[in-house]
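Summary of structural features
Chain residues, written in single-letter form:
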Amino acid sequence: AGAAKSSRLAGLLEKIVSMSLRTTVKVLEWRTISAPPDVAQALQIAVGAKVKKGVRRRSLAEGPLSHITTYVPEDLASRISRTDLARKPILRLLEESGVELGRAHQTVSARQADAAVAAELDVAVGTALLAVRRLVFDVHERPVQWLHGLYRPDRYEYQMELSQVGAIDARIVPKELLP
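What comes next is a walk through the structure. (Residues numbered from 1 in each chain as written. Predicted model: local features only at pLDDT ≥ 70, side-chain atom pairs only at ≥ 80, totals over all residues. Heavy atoms only, no water.)

**Examining the pairing of strand β5 (residues 128-138)**
Side-chain positions along a regular strand alternate between the two faces of the sheet. Heads up, the condition is: Relative accessibility under 20% of the residue-type maximum defines a buried residue, over 50% an exposed one, and the middle range a partly exposed one, all with a 1.4 Å probe and only protein chains included. Going along the chain from the N terminus, every DSSP run of H or I of four or more residues is numbered as a helix, and every run of E of two or more is numbered as a strand. Should DSSP find at least two bridges between two strands, the strands are taken to pair.
With eight of eleven residues buried, β5 is to be regarded as a mostly interior element. In the sheet, strand β4 (residues 101-112) pairs with β5 via ten bridges, with the strands oriented antiparallel. Within β5, the position partnered with Arg 111 by the bridge is Leu 129. By the bridge criterion, eight bridges tie β5 to strand β6 (residues 143-151) in an arrangement that is antiparallel. Paired with Arg 133 across the strands is His 148, a residue of β6. Linking β5 back to β6 in an antiparallel pair, the connection comprises four residues, with Glu 141 at a positive phi of about 70°.

Written out as structure tokens, the structure reads:
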């Protein structure tokens with residue numbers, strides 16, 4: 001059943017998952033917290049409702065790539081263990097638990113590394129990082145994941161192909177794979 005469900009990922013979400021499979025993961029945090037106001041608003045739940053907070057560092061062969069903080073409604077993540085999180089992307093784990101992924105809304109901007117993130121990504125405090133916020137919905141329009149990712153721009157870039165007819169082909173590319 002897991003293989004059939006994973007085939008439902010398509011487009012950019014599939015590319016995000018496949019890119020994440022080429023990295024190694026260190027789980028820095030995986031715990032249940034009470035949703036603060038910004039997380040509750042994004043996930044469309046009550047302030048204080050239980051959510052699972054995951055913090056992970058992804059690395060390529062040459063070193064750290066990203067520092068990712070993810071929030072998932074507790075009822076969807078209660079069976080996901082810290083070990084699971086180190087082995088598979090959260091989107092895959094959600095699918096395997098029965099969530100049918102729908103769409104995602106993503107913004108990309110920039111942010112400076114604070115002391116904690118700088119240490120994890122092996123950069124100087126104040127280094128400019130790519131900042132990604134992604135809200136993933138299931139097929140019923142329920143928010144199932146709220147992600148804040150910080151990426152080293154020397155090891156990661158976001159590419160988009162635009163055409164006159166409105167089609168968009170977006171790619172996530174670790175720098176090691178660029179021509």
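On we go.
**Structural notes on the packing of aromatic side chains**
Note the threshold: The rule is short: rings of Phe, Tyr and Trp, with Trp giving its six-membered ring, pair when the centres are within 6.5 Å, and they are stacked under 30 degrees, edge-to-face over 60, tilted in between. Criterion for a charge above a ring: Arg CZ or Lys NZ at most 6 Å from the ring centre, at most 35 degrees from the ring normal.
Overall, the coordinates contain one aromatic pair when judged by the stated rule. Here the aromatic rings of Tyr 151 and Tyr 156 are separated by 3.9 Å at their centres, their planes lie at 20°, and the arrangement is stacked. The pair formed by Tyr 151 and Tyr 156 is uniform in burial state, with each residue classed as buried. Positioned above the aromatic ring of Phe 137 is the side chain of Arg 103, whose terminal nitrogen or guanidinium carbon lies 4.0 Å from the ring centre.

**Section: the pattern of salt bridges**
A side chain of one charge can pair with a side chain of the opposite charge if their charged atoms are brought near each other. Put simply, the test is: Each reported salt bridge corresponds to a side-chain nitrogen of Lys or Arg within 4 Å of a carboxyl oxygen of Asp or Glu.
Counted under the stated rule, the structure contains nine salt bridges. Between Arg 57 and Glu 120 there is a salt bridge, with the nearest N and O atoms lying 2.8 Å from each other. Of this pair, Arg 57 sits in strand β2 (residues 50-60) while Glu 120 sits in helix α7 (residues 115-121), and the two are 63 residues apart along the sequence. The partner of Arg 87 in a salt bridge is Asp 84, with the nearest N and O atoms 3.5 Å apart. A residue pair is termed a helical-turn pair when its members lie 3 or 4 positions apart in one helix, as Arg 87 and Asp 84 do in helix α5 (residues 82-87) at three residues. Several salt bridges share partner residues, and in doing so they unite Glu 29, Arg 31 and Lys 53 into one network.

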